[in-house]
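Chains, contacts and geometry: an overview
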Amino acid sequence: MQIDSVNIRPGVNVLSVLPHLNYKPWFALAEFVDNSIQSSIDNRKALTASDGADYALRVDIDFDAPDSAIVIKDNAAGISSSDYQRAFRPAEIPPNATGLSEFGMGMKSAACWFAPNWSVRSSALGENVERTVLFDIDQIVTDSTEELTVVTMGMAESKHYTEIRLQDIRRFPRGKTIQKIKEHLASIYRVYLREGHLALYVDGQKLEYNDPAILVAPQYNSPEEEPVKWKKEINIDLGDGKSATGFVAIRETASTKLAGLALFRRKRLILGSADETYRPEDIFGSSNTYPYQRIFGEIHLKGFFVSHTKDGVKWEENEDEFLRQLRKELSADSFPLLQQAREHRTKASAKATRKEAAAALLTTAANLSEASLGNGHLASSSVVQEGSQTEAVPREDDEELPELDDSDAEHAELSLRFRSEAWRVAIELSYNDDCSEWLTIRDRPSITDPEPRRITIRIAMLHPFMAQFPTLDSESFTALLNIAAAMALAEVAAGELADRNPSAVRRYTNEILRKQMSRRVMDD
């Protein structure tokens, strides 16, 4: 069939609006990949008949920086003569809208968003021609062009491909953006990549999606029981032909960046790709909780519409019900995945923030030293109880603090004036499993050389109280260390005031922190 021109009516002016769509580069590029996948699905029999049973779809995306161009090429079935006119008209819905090409806008909207000039070169399977169409959007809109010339040349019938060349890119991706594009595209098409139905290359690199390892561990309240693989199959019926199926699991290694749900429709990710995962607070809580870092999953939606850019779900009041049922399944007594995500603890969780804690330790030490120098002393030199005179009493036996090597602790030491005396204060952050108390103190005046007085404050970083704050930064750690240091110094001061049992305050504090404040129980 001879095609000399292609009609792009109606809506030529809409092409000038498309550059202003709220696309992200990976979702714009995904529009081209969607068309390639759908072409290979619709023509599977003909493609395998032509290329053999081993035929596999390949899509290449190449960034040509010197020419400010992006080239997308596939080995799908090409654009056939019977489909040519429809393929280039804006908003021309395809005959089969149940697949990945459903709005008739993907290629046009993505191409115009990227570039003012672009071309499509295609040879359809079983046809002996190659056709090329050139788009100059500014010229088309200025002249109200309704027909574009098609350049035709001979081609072997066995050849089948489509190549889209985007010229003069408005937002040319570079460096880290290209790496993000690779990560997002691998995430978006993970199902097709796993099944072997798509080989996707970016700048010659074959994309792969690496599934996170799933936690295998005993249930949090039964540590002696056999380990469990923390993955739960999900099957939720939302009525009116709408459903959600898939799985939710706990990551073996927590990740603030990558945990979260991925929502799919027709095997293609719609919401939650790479580091932009779907984390509703009803399930994940706030960003400083373990569920936020540990829970992940893949949910396949059926019966839902999506945005025309295919990066959002049109819930139509169904999201609340979906989340209610999902939370119920994840909180079941028979398999309490949500509770396991909150309560499971690993040494790695605390040690992952060791750098921030060490920085906070130095800040705390510096602040205490500055306060001492600025005020001359941190407490009054004499305190008299009304109606009586205080007298010093011996402190209880000091707690034994075993020596810690550098691999088990972070250290800081400072000098200050406290109660009109010179003090040397050591603060230690312990990463030793043997620390059962959150805060311990050693206060031992030197008998042979009473000045300076020495006190050691040790904070157990693997304590359950600390484990519930997995994402503290150095500023937050500083606030926590300030409290600990204040408690320790206050206890010493209480001892100097002849309090008969000064460490009782600390012992009760430790008990409350362990038994009452080391969990965050979320309402069902």
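Keep in mind that what you see is a predicted model, and the values were worked out from it rather than measured.

Quick notes on the environment of W113
Locating W113 in the fold gives a position in helix 4 (residues 106–114). Taking the C-alpha atoms as reference points, W113 and S16, 97 residues apart in sequence, are found 9.3 Å from one another. Contact partners of W113, with chain neighbours within four places excluded, come to L18, P19, L21, Y23, K24, P25, A28, R170 and R171. Within the structure, W113 has its side chain in polar contact with the backbone oxygen of L21 (distance 3.1 Å).

Thoughts on the nonpolar core
Ranked by internal contacts, the top residues of the largest apolar core, which has 65 residues, are L166 and Y189. Looking at this core element by element, the count peaks at 8 residues for helix 1 (residues 25–42). Core analysis: the next-biggest nonpolar cluster, separate from the first, contains 32 residues, A357, V425, I455 and L481 among them.

As for the environment of N235
On the secondary structure map, N235 appears in strand 12 (residues 231–239). For N235, the contacting residues outside a window of four places in its chain are A244, T245 and E329.

A word on the packing of aromatic side chains
With the rule as written, the count across this model stands at 9 aromatic pairs. When the ring of F304 is compared with that of W315, the centres are 5.5 Å apart and the planes differ by 70°; the resulting orientation is edge-to-face. Of the two residues, F304 sits in the loop between strand 16 (295–302) and strand 17 (305–306) while W315 sits in the loop between strand 18 (313–314) and helix 10 (319–330), which places them 11 residues apart along the sequence. Take F304 and W315: they sit in the same class, and that class is buried. Among the aromatic residues, those joined into a cluster by ring pairs are Y278, F304, W315 and F322. Positioned over the ring face of F304 is K242, at 5.9 Å from the centre of the ring. Between R294 and the ring centre of Y290, over which it is positioned, the NZ or CZ distance is 4.0 Å.

Here's the deal with unusual backbone geometry
A positive phi angle, near 50°, is found at D203, a position not held by glycine. Mapped onto the fold, D203 is located in the loop between strand 8 (198–202) and strand 9 (205–206). The partly exposed category is assigned to D203, whose relative accessible area is 35%. For D240, which is not glycine, the phi dihedral falls at a positive 55°.

Some details on the pattern of salt bridges
Considering all chains together, one arrives at 21 salt bridges under this definition. Between R194 and D211 there is a salt bridge; the shortest N-O distance is 2.6 Å. Of this pair, R194 sits in helix 7 (residues 190–195) while D211 is found in the loop between strand 9 and strand 10 (216–217), placing the two residues 17 residues apart along the sequence. Among the residues examined, R194 registers a relative accessible area of 40% and is labelled partly exposed.

Quick word on a negative patch on the surface
A cluster of like negative charges, contributed by E281, D282, E316, E317 and D320, occupies part of the molecular surface. By secondary structure assignment, the location of E317 is in the loop between strand 18 and helix 10. Relative accessible area serves as the criterion here: at 80%, E317 is assigned to the exposed category.

Side note on the side chain of T478
Tracing the backbone through its elements, the reader meets T478 in helix 15 (residues 474–496). A residue is classified by how much of its surface remains accessible, and T478, at 10% relative accessible area, is buried.

Focus on the confidence of the model for the protein
Of all residues in the protein, 81% have pLDDT values of 70 or greater, and the mean over the chain is 83. In this model residues 373–398 is a low-confidence stretch, pLDDT under 50, and it forms 35 contacts with partners more than four residues away in sequence or in other chains. Ignoring residues within four places in sequence, the model shows residues 519–524, a span with pLDDT below 50, making 13 contacts including any to other chains.

Regarding the packing of helix 1 against helix 4
Look at helix 1 against helix 4: their axes get within 9 Å of each other, and the N-to-C directions meet at 145°. As helix 1 packs across helix 4, the resulting crossing turns out to be left-handed. From helix 1, P25, A28, L29, E31, F32 and N35 reach across to helix 4, where they touch G106, M107, A110, A111, W113 and F114. Per-class residue counts for the contact of helix 1 with helix 4 are 9 nonpolar, 2 polar and 1 charged.

Overview of the sheet that holds strand 16
The strand order 12-13-16-14-15 describes an open sheet built from 5 strands, whose pairing is mixed. Two strands in the sheet have a free side with no partner beyond their single neighbour: strand 12 and strand 15 (268–271). The mean angle between the axes of side-by-side strands here comes to 25°, regardless of whether they run parallel or antiparallel. Bridge count for strand 14 (residues 260–265) against strand 15 is 3 bridges, and the pairing is antiparallel. Residue L263 lies in a different strand from strand 15, and its bridge partner there is L271.

The rules behind these values
Residues numbered from 1 in each chain as written. Predicted model: local features only at pLDDT ≥ 70, side-chain atom pairs only at ≥ 80, totals over all residues. Heavy atoms only, no water. Helix = DSSP H or I, 4+ residues; strand = E, 2+ residues; numbered from the N terminus. Contact = heavy atoms within 4.5 Å. Polar contact = N/O pair within 3.5 Å; in protein donor to acceptor, adjacent residues only side chain to side chain. Core = buried A, V, L, I, M, F, W, Y, C linked by side-chain atoms within 4.5 Å. Buried < 20%, exposed > 50% of the residue type's maximum accessible area, 1.4 Å probe, protein only. Phe/Tyr/Trp six-rings, centres within 6.5 Å; stacked < 30°, edge-to-face > 60°. Lys NZ or Arg CZ within 6 Å of the ring centre and 35° of its normal. Salt bridge = Lys/Arg side-chain N within 4 Å of Asp/Glu carboxyl O. Patch = residues over 30% accessible without salt bridge, like charges linked within 9 Å, V, L, I, M, F, W, Y side chains within 5 Å. Areas by Shrake-Rupley, 256 points an atom, 1.4 Å probe, with all protein chains shown as cover. Lys, Arg positive; Asp, Glu negative; His and termini not counted. Charge placed at Lys NZ, Arg CZ, Asp CG, Glu CD. pLDDT = per-residue confidence, 0-100. Axes fitted to C-alpha atoms, helices over the stretch in contact; angles between N-to-C directions. Left-handed = near helix turned anticlockwise from the far one by under 90°. Nonpolar A, V, L, I, M, F, W, Y, C, P; charged D, E, K, R; others polar. Pairing = 2+ DSSP bridges.

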